[in-house]
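Given next are the chains, with one letter for each unit.
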Amino acid sequence: MNLKKSILNVLSPSLIKKLKAVYYFRYTFNRINNSIDYNKLTFRYFYYTELKTFDLLIYDSIFPNLISGFRFAEFNALLNEFDNSKIIVNPLDYPFLNQDVRTHQLDIDNLKNTHPKSHKKTFVGTVKNIKNAKLFYCIFLNNIYDSLPFLEKNKINFIFTLYPGGGFDVKQELALKKLKAVLNSKFFKGVIVTQQFTKDFIMKNYNCPEDKILNVFGCIVPQNSIDTTRVRHYSKEMCLQVCFCAAKYTEIGADKGYDIFIDTAKILVSKGYNIHFNVIGGYDENVIDITGFDKAFTFHGYKKYEELQSIFLEQDIIISPNRPFVLDVGSFDGFPLGAVVEAVLNGAVPIVTDELKQNSIFKDDEIIIVKPDAAEIVEKVEQLLLNPELLHLFSKNAQRKFREIYKESYQLDKRIDFIKKHIL
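Definitions and limits used
Residues numbered from 1 in each chain as written. Predicted model: local features only at pLDDT ≥ 70, side-chain atom pairs only at ≥ 80, totals over all residues. Heavy atoms only, no water. Helix = DSSP H or I, 4+ residues; strand = E, 2+ residues; numbered from the N terminus. Buried < 20%, exposed > 50% of the residue type's maximum accessible area, 1.4 Å probe, protein only. Contact = heavy atoms within 4.5 Å. Areas by Shrake-Rupley, 256 points an atom, 1.4 Å probe, with all protein chains shown as cover. Polar contact = N/O pair within 3.5 Å; in protein donor to acceptor, adjacent residues only side chain to side chain. Pairing = 2+ DSSP bridges. Axes fitted to C-alpha atoms, helices over the stretch in contact; angles between N-to-C directions. Phe/Tyr/Trp six-rings, centres within 6.5 Å; stacked < 30°, edge-to-face > 60°. Lys NZ or Arg CZ within 6 Å of the ring centre and 35° of its normal. Expected span 1.5 Å × (residues − 1). Patch = residues over 30% accessible without salt bridge, like charges linked within 9 Å, V, L, I, M, F, W, Y side chains within 5 Å. Salt bridge = Lys/Arg side-chain N within 4 Å of Asp/Glu carboxyl O. Right-handed = clockwise from strand over helix to strand, strands pointing away.

(A) Main features of the overall build of the chain. Counting its secondary structure elements, the chain contains 15 helices and 13 strands. The 424 residues of the chain split such that 53% are buried. Look at the contacts in the chain between residues 6 or more apart in sequence, and 71% of them connect residues 24 or more apart. About 19,700 Å² of surface is accessible on the chain, with carbon and sulfur atoms providing 51% of the total.

(B) Broad picture of the side chain of N65. By the element assignment, N65 lies in the loop between β1 (54-60) and α4 (69-81). The class for N65 is buried, based on a relative accessible area of 2%. A polar side-chain atom of N65 sits 2.8 Å from the main-chain amide nitrogen of I67. Among the polar contacts listed, one links the side chain of N65 to the side chain of Q99, at a separation of 3.3 Å. Aside from chain neighbours lying at most four places away, what touches N65 is F72, Y94, L97, Q99 and D107.

(C) How the structure looks around the sheet that holds strand β7 (residues 213-215). Across the sheet, seven strands lie side by side as β3-β2-β1-β4-β5-β6-β7; this open sheet has parallel pairing. The open sheet has two free edges, formed respectively by β3 (122-124) and β7, since each of these has just one partner strand. When the angles between neighbouring strand axes are averaged without regard to direction, this sheet yields 20°. Inspection of the sheet shows β1 paired to strand β2 (residues 85-89) by five bridges, in the parallel sense. By the bridge assignment for β2, L56 is matched with S85. Seen against the sheet, helix α15 (residues 408-421) touches β1, β4 (133-139), β5 (157-161), β6 (188-193) and β7 and runs at an angle of roughly 175° to β6.

(D) Looking closely at the sheet that holds strand β12 (residues 349-353). The six strands lie next to each other as β10-β9-β8-β11-β12-β13, forming an open sheet whose pairing is parallel. Two strands close off the open sheet at either side, each with one partner strand: β10 (297-301) and β13 (368-370). On average, each strand axis in the sheet is tilted by 20° relative to the strand beside it, whichever way the strands run. One ladder, built from two bridges, connects strand β8 (residues 240-246) with strand β11 (residues 317-320); its direction is parallel. Across the sheet, residue C243 finds its bridge partner in β11, namely I318. Across the sheet, helix α12 (residues 338-345) is in contact with β8, β11 and β12; its angle to β11 comes to roughly 170°.

(E) Highlighting the packing of aromatic side chains. Per the stated rule, a full pass over the model turns up 23 aromatic pairs. Between the aromatic rings of F297 and F299, the centroid separation amounts to 5.9 Å while the plane-to-plane angle is 10°, which identifies the pairing as stacked. Take F299: its relative accessible area is 23%, and that puts it in the partly exposed class. Here a set of aromatic residues connected by ring pairs shows up, and it is made of F244, Y258, F261, F277, Y283, F297 and F299. Its guanidinium or amino end placed over the ring of F123, K86 lies 5.3 Å from that ring's centre, counting from NZ or CZ. In this structure, K171 packs its charged tip against the face of F325, placed 4.2 Å from the ring centre.

(F) Seen up close, α4. The end-to-end C-alpha distance of α4, which contains 13 residues, comes to 18 Å, matching closely the 18 Å that a straight helix rising 1.5 Å per residue would cover. Judged by how many residues are buried, α4 sits mostly within the fold: ten of 13 residues are covered. Inspection of α4 places G69, R71, F72, A73, E74, F75, N76, A77, L78 and L79 among the buried residues, and these make up the whole buried set.

(G) Seen up close, a nonpolar patch on the surface. A cluster of nonpolar side chains, F96, Y249 and L327, forms an exposed patch at the surface whose accessible area comes to about 320 Å². Within the fold, F96 resides in the loop between β2 and α5 (104-114). In this structure F96 comes out as exposed when scored by relative accessible area, which is 51%.

(H) Up close: the pairing of β1. For β1, the tally of buried residues reaches six of seven residues, placing the bulk of the element in the interior. Sheet topology note: the β1/β4 ladder contains four bridges and is parallel. Residue pairing in the sheet places F54 in a bridge with A133 of β4. Following the backbone out of β1, through α4 and into the adjacent parallel β2, one traces a crossover that is right-handed.

Functional significance is not addressed by these values, which are geometric in nature.
As structure tokens, this is what we get:
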């Protein structure tokens, strides 16, 4: 018996009549307006988008774009784990990745080749399509806030991950109002946080019950670099490769510390060290003037996550001097940045800032924490330059610890259990 007959056998004649009327109205409307892929206008598609009740419904604004590797990894894992699940995607945030929204369909087509199970569960839509689910899940404050009216209208319980960024600002009035509305909803069942700072903030300011919070340090990352083997012999004579990797949200990338990175590079080059600097992300030679230092830089532009490994395998150090409260009055990044994680998994030594004291995992011989100050960073780089054995030791220690923290069994299992607990 085919799917259509199976459905019709369990529905009342009156409901079938109403559903067919809606279905054929939408079919005619969309044909006239040429606004939908006709291949999707099947009873099966209609069933999965309008009728079926899902155990888990996910919403996002970027999936399955490969530049956002952590989303790609997390949502594919969830769609694979929960058989009765789907994801609705409205690609509103493609411009933030310097991507044309029209490329979203190409990303979906690519998903069919790489993750066919996820592809079958991926639908283009908006928050208005949030319905027919036992539990809803998304990441970032803006996404859950935009979804809230439809979750409450359709009486759907929800949990979400409150990552840094995505509208979460600890000082901006609008952001705080959004967070209050979400946490006070009677359909709010839980929140996943990735920083102790975030957990303390929502408990102190919103009396969020601790039993509704799952604190998992870090994030889910693609596992293509988790077991990378790197063989490189460090010496004082080699050309040290140093990189910076981040998205560009401000004029000179001050929130990510790009200006500090450039100052650091200029000082080191001026001292005559054999060193080369690689920049990945939305930066080029015109963002900050590097006249006279051009030959010391390579600009790679934005890269998909699977393209990063070939670059990071050649890097000895990644510098991430990001600052909180620059992009906006209360905005901050997670610790460490996702790009740092990928670089370290491929053997780079991390030199990073941590102004909010978010580190609760890494020891002094696994990560180098500095102030957002070029002079201090120069000093740390010089120590590694002049002591190749120390550089090798940091690389080995950091890679081992990052593998432990960012493997799927550490990051994913607790999240899945937390979600399962709330599917009723």
